[in-house]
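These are the residues of each chain, in order.
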Amino acid sequence: DRITVELREAELLSAKSVENRGRSRGITNPQRIADLQQARKMFSDLYTKEKSLIAIRYYALFYRSGIFQTLGQADDAIDGYLRIADLEGIDALRQLQTEAVTELAKVLASEGKYEVAIERAHKWLSGLRSDEKSSFEAMQLSLEYARIRIESIQKQKSAAPGNRNASRETREVREFLRGML
């Protein structure tokens, strides 16, 4: 069992190394895409074959979803992040789930699905335990939630100048951010 754990950890680190190598290359470098696709395949293989080591399985899914996001495959990224966010009863993965909800909200907002992104982020933030609320991941999610709300408000204002709802929402976001201090 210990050998299997170490082997899976090594496979995860190897795939992450290939991903990092790809991300470090210039955007126009064709090897960048090749490295990212190779890392995506390595994460996919690890996710599908690993059933017992849930942390390794879901970190592989998280990293794979990040590659999909980078490659512009939003639907695949959303699917992966949703699988992680919707896990129940696994306290060891709460930090990863918070990160997945943050990335999910980013992808949804980039696709113009502001309401869904805002709802998902708000629901997760509302469900955080007191010991989780001051974590780095929770702060990142809170800031992303506020950013998406502001972006949504700006879209509303440009579509309908003088929108009172937008002014109210701006005050709510301002209060939310003050509450973080």
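Look up a bit, the structure's there.
In this report, the structure presented in the accompanying data block is examined. Please read these numbers as outputs of a predicted model, since none were measured by experiment. (Residues numbered from 1 in each chain as written. Predicted model: local features only at pLDDT ≥ 70, side-chain atom pairs only at ≥ 80, totals over all residues. Heavy atoms only, no water.)

1. Some points on the nonpolar core
And then number 1: Residues F43, Y58, F62, Y81, I84 and I148 are the most contacted members of the largest nonpolar core, which totals 43 residues.
And then number 2: Those elements that provide at least two residues to this core are α1 (2-24), α2 (30-49), α3 (54-70), α4 (74-85), α5 (94-110), α6 (114-126) and α7 (136-159).
And then number 3: Those residues in contact with I84, other than ones at most four positions away along the chain, are Y58, L61, F62, L96, Q97 and A100. (Core = buried A, V, L, I, M, F, W, Y, C linked by side-chain atoms within 4.5 Å. Buried < 20%, exposed > 50% of the residue type's maximum accessible area, 1.4 Å probe, protein only. Helix = DSSP H or I, 4+ residues; strand = E, 2+ residues; numbered from the N terminus. Contact = heavy atoms within 4.5 Å.)

2. Here we look at the environment of M180
And then number 1: With respect to the helices, strands and loops of the structure, M180 is situated in helix α8 (residues 164-180).
And then number 2: Each C-alpha atom of the pair M180 and S134 lies 9.0 Å from the other, and the pair is 46 residues apart in sequence.
And then number 3: Contacts of M180, omitting those with residues within four sequence positions, involve M139, S142 and L143.

3. Observations regarding the packing of α7 against α8
And then number 1: Between α7 and α8, the shortest axis-to-axis distance is 10 Å and the interhelical angle comes to 165°. By the angle class used here, α7 and α8 are roughly antiparallel. Between α7 and α8 lies a crossing whose hand is left-handed. Seen from α7, the contacting residues are M139, S142, L143, Y145, A146, R149, I150, I153, Q156 and K157; seen from α8, they are N165, A166, E169, T170, E172, V173, F176, L177 and M180.
And then number 2: A breakdown of the residues in the contact of α7 with α8 according to their chemical character gives eleven nonpolar, four polar and four charged. (Axes fitted to C-alpha atoms, helices over the stretch in contact; angles between N-to-C directions. Parallel < 35°, antiparallel > 145°, perpendicular 65-115°, else oblique. Left-handed = near helix turned anticlockwise from the far one by under 90°. Nonpolar A, V, L, I, M, F, W, Y, C, P; charged D, E, K, R; others polar.)

4. Remarks on the side chain of R57
And then number 1: Within the element layout of this structure, R57 appears in helix α3.
And then number 2: No salt bridge forms around the buried R57; measuring N to O, its nearest opposite-charge neighbour E50 is 7.6 Å away.
And then number 3: Beyond its immediate stretch of four places on either side in the chain, R57 contacts Y47, T48, E50 and K51. (Lys, Arg positive; Asp, Glu negative; His and termini not counted. Salt bridge = Lys/Arg side-chain N within 4 Å of Asp/Glu carboxyl O.)

5. Some words on α8
And then number 1: With 17 residues, α8 extends 25 Å from end C-alpha to end C-alpha; this agrees with the ideal 24 Å at 1.5 Å per step.
And then number 2: Check the buried side of α8 and you find it contacts α7. (Expected span 1.5 Å × (residues − 1).)

6. Here we look at the packing of aromatic side chains
And then number 1: Summed over all chains, the structure comprises six aromatic pairs.
And then number 2: With a centroid separation of 6.1 Å and 70° between ring planes, the pair formed by Y47 and Y58 is classed as edge-to-face. Of this pair, Y47 sits in helix α2 while Y58 sits in helix α3, and the two are eleven residues apart along the sequence.
And then number 3: On the basis of relative accessibility, which here comes to 8%, the residue Y47 falls in the buried class.
And then number 4: Looking at Y58, the relative accessible area reads 12%, which means it is buried.
And then number 5: Where F62 meets Y63, the ring centres are 5.9 Å apart and the plane angle is 65°; that geometry is what we call edge-to-face.
And then number 6: Between R57 and the ring centre of Y47, over which it is positioned, the NZ or CZ distance is 4.1 Å.
And then number 7: Geometry around Y58 places R57 over its ring, the cationic atom sitting 5.6 Å from the centre. (Phe/Tyr/Trp six-rings, centres within 6.5 Å; stacked < 30°, edge-to-face > 60°. Lys NZ or Arg CZ within 6 Å of the ring centre and 35° of its normal.)

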